[in-house]
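Residue-level listing of the chains:
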Amino acid sequence: MLSILRNLPAPFRRSLSLRRKGGGGSRAGAPQPTPANEAATLVAASEATERKIVLGEAAGIPIIDFSGFLDGSAKDEVAKAVIESFKRWGFVYLKNFGLPTEQVDEMFEWSKKFFSQPKEVKMLAPHPGVPHINRGYIPPGIEKFTQSNDSEEVAEMRHKEPDVIENFSCGHDDSILGRNIWLPEGVLPGFNEACQQFFWKCYGVEISILKAIAVALGLPEDYLAKSHSGRDQSLRLMHYPSVPAQKLVDGMMSRIGAHSDFSSITLLFQDDVGGLEVESPDRPGEFISVPPVPGAVLVNAGDFLQRWSNDQIRSALHRVRAPPGMTDGMTPDRYSIPYFCSTDFDLTVDCLPGTYSEANPKKYEPITAGEYITQRLASLYHK
């Protein structure tokens, strides 16, 4: 695998050297009129003091208005709020994040159309059965989400408590995760194009969030963003079929087992069914129900960002169970759309500047994203 990474074409190997643009001086002499951009900055700063950055919370996790970062009126304040939530929870809700609700709703409609097809139609875009290839359709019973990297242990867990979920993944055609595996032309017309368009819209949101994280950590704004070209990201449509709630309660099956995400960050769009749970930051092993918030995207930090930040940022365990309070009857179908954001797989990542010192040394050795993530992917699939 590493030999593949090392032999990638040169355009995919980018330097991580950072350059700061210098500012020009101003002419001395008589007082000058306030430049228009300076006046705009003063107005924006005034508006930022009046704007409410944290709109509220859900299950303790802050709901943040991200518009102040996007329009520049409250960059530092929003970035600080985001990083504080990541440090405590590993999760944050963002509103006004640059992707209209109508476009998210449209993608959910396409997801429902795809999963409503007969299995034989969905299998026209089959996952190839190779663990590190994260493309195409995977039927229920194949994956098992867990923290274990031991394939035999995962197989035993899959047999004892299978994850009842099906999904479809796509992304960039030049990724080590594999070329896209689409439905044949003429089957569900418009679906392939809708997935591609939504993928790139999510990429735009990803870059904005990475910039906010960099600002909060005192780094140049593009420090993290420039190592995420979009080549090794994945958009995943997920469907949790209706199952007996009692079986979920009794541990006879699960929707998704407790796990952390592998990469930098994940954007999670979800319907209104509920069932997502996040491990409490104060009581390890205890999970808290985290509800959907209308108009918000739920963003969580992944293992790679925790490693990159030298454990300043938390990658939290999370899982999906029955909707809150439901112990009998059949659960409703649940749909979610996670977008997984990874550094380019050939990039070697070391702890970020400012996250370590003599008193707080580096906890991790440098590693490539590809090396780490392919190890984790390999343990997911049925063997």
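Located above this text is the structure these notes cover.
Residues numbered from 1 in each chain as written. Predicted model: local features only at pLDDT ≥ 70, side-chain atom pairs only at ≥ 80, totals over all residues. Heavy atoms only, no water.

Caption draft 1: Seen up close, the pattern of salt bridges. Under the counting rule described, the total for this entry stands at ten salt bridges. The closest approach of N and O atoms between arginine 231 and aspartate 232, which form a salt bridge, is 2.9 Å. In this structure arginine 231 comes out as buried when scored by relative accessible area, which is 1%. Salt-bridge contacts for arginine 319 lead to glutamate 277; the nearest nitrogen and oxygen are separated by 2.7 Å. With arginine 319 in strand β12 (residues 318-320) and glutamate 277 in strand β9 (residues 276-279), this pair connects stretches of sequence that are 42 residues apart. Accessibility expressed as a relative area gives 15% for glutamate 277, which makes it buried. Where salt bridges share partners, they join Arg231, Asp232 and Asp346 into one cluster. (Salt bridge = Lys/Arg side-chain N within 4 Å of Asp/Glu carboxyl O. Buried < 20%, exposed > 50% of the residue type's maximum accessible area, 1.4 Å probe, protein only. Helix = DSSP H or I, 4+ residues; strand = E, 2+ residues; numbered from the N terminus.)

Caption draft 2: View of a negative patch on the surface. On the surface, Glu102, Asp105, Glu106 and Glu109 cluster together to form a negatively charged patch. Structurally, glutamate 109 can be placed in helix α5 (residues 101-115). Note on glutamate 109: relative accessible area 42%, which makes it partly exposed. (Patch = residues over 30% accessible without salt bridge, like charges linked within 9 Å, V, L, I, M, F, W, Y side chains within 5 Å. Areas by Shrake-Rupley, 256 points an atom, 1.4 Å probe, with all protein chains shown as cover. Lys, Arg positive; Asp, Glu negative; His and termini not counted. Charge placed at Lys NZ, Arg CZ, Asp CG, Glu CD.)

Caption draft 3: Fine view of the environment of glutamate 102. Mapping glutamate 102 onto the fold places it in helix α5. Considering only alpha carbons, one finds glutamate 102 and glycine 295, 193 residues apart in sequence, at a separation of 9.5 Å.

Caption draft 4: Spotlight on the state of the cysteines. On inspection of all chains with the given rule, the structure shows zero disulfides. Unpaired in this structure, cysteine 202 has its nearest cysteine sulfur neighbour in cysteine 341, at a distance of 8.0 Å. We classify cysteine 202 as buried; its relative accessible area is 0%. (Disulfide = S-S within 2.5 Å.)

Caption draft 5: Geometry of helix α4 (residues 75-88). Taking 1.5 Å per residue, 14 residues should reach 20 Å; α4 reaches 20 Å between its end C-alpha atoms and fits that length. Val78, Ala79, Ala81, Val82, Ile83, Ser85 and Phe86 are the residues of α4 that are buried. Looking at the buried side of α4, the elements it contacts are β1 (54-58), β2 (61-65), α3 (67-70), β3 (91-95), α8 (191-216) and β11 (296-301). Looking one or two residues beyond α4, the residue adopting positive phi is glycine 90, at roughly 80°. (Expected span 1.5 Å × (residues − 1). Contact = heavy atoms within 4.5 Å.)

Caption draft 6: Examining the packing of aromatic side chains more closely. If you walk through the whole model with that rule in mind, you get twelve aromatic pairs. Both rings, one in phenylalanine 66 and one in phenylalanine 69, keep their centres 5.4 Å apart while their planes meet at 25°; by these two values the pair is stacked. You can call phenylalanine 66 buried: its relative accessible area is 1%. Relative to phenylalanine 269, the ring of phenylalanine 97 lies with its centre 6.3 Å away and its plane at 45°, an arrangement referred to as tilted. Pair noted here: phenylalanine 97 is in the loop between β3 and α5 and phenylalanine 269 is in strand β8 (residues 265-270), with a separation of 172 residues, a long-range link. Look at phenylalanine 269 and you get buried, because its relative accessible area is 3%. Taken together through their ring pairs, the aromatic side chains of Phe114, Phe115, Tyr137, Phe168, Trp182 and Phe191 make up a single cluster. Sitting over the ring of phenylalanine 69, lysine 75 keeps its end group 5.2 Å from the ring centre. Over the ring of tryptophan 110 we find lysine 113, and its NZ or CZ is 4.4 Å from the ring centre. (Phe/Tyr/Trp six-rings, centres within 6.5 Å; stacked < 30°, edge-to-face > 60°. Lys NZ or Arg CZ within 6 Å of the ring centre and 35° of its normal.)

Caption draft 7: View of the environment of methionine 107. Here methionine 107 is to be found in helix α5. Considering only alpha carbons, one finds methionine 107 and phenylalanine 191, 84 residues apart in sequence, at a separation of 9.2 Å.

Caption draft 8: Here's a closer look at the sheet that holds β3. If you walk across this open sheet you meet the nine strands as β1-β2-β3-β11-β8-β13-β6-β5-β4, and the pairing is mixed. In this open sheet, the two edge strands, each paired with only one partner strand, are β1 and β4 (136-138). Pairs of neighbouring strands in the sheet enclose a mean axial angle of 25°, with direction left out of account. Of the strand pairs in this sheet, β3 and β11 are connected by five bridges, and their pairing is antiparallel. Within the sheet, the bridge partner assigned to phenylalanine 91 lies in β11 and is asparagine 300. Its contacts with the sheet place α5 against β4, β5 (166-171), β6 (234-240), β8 and β13 (334-341), and it is angled at close to 115° to β13. With respect to the sheet, α8 is in contact with β3, β5, β6, β8, β11 and β13, its orientation differing from that of β8 by roughly 130°. (Pairing = 2+ DSSP bridges. Axes fitted to C-alpha atoms, helices over the stretch in contact; angles between N-to-C directions.)

Caption draft 9: Examining the side chain of asparagine 192 more closely. Secondary-structure assignment places asparagine 192 in helix α8. Looking at asparagine 192, its side chain comes within polar contact range of the main-chain oxygen of leucine 183, at 3.2 Å. Excluding its chain neighbours within four sequence positions, the residues that come into contact with asparagine 192 are Trp182 and Leu183. (Polar contact = N/O pair within 3.5 Å; in protein donor to acceptor, adjacent residues only side chain to side chain.)

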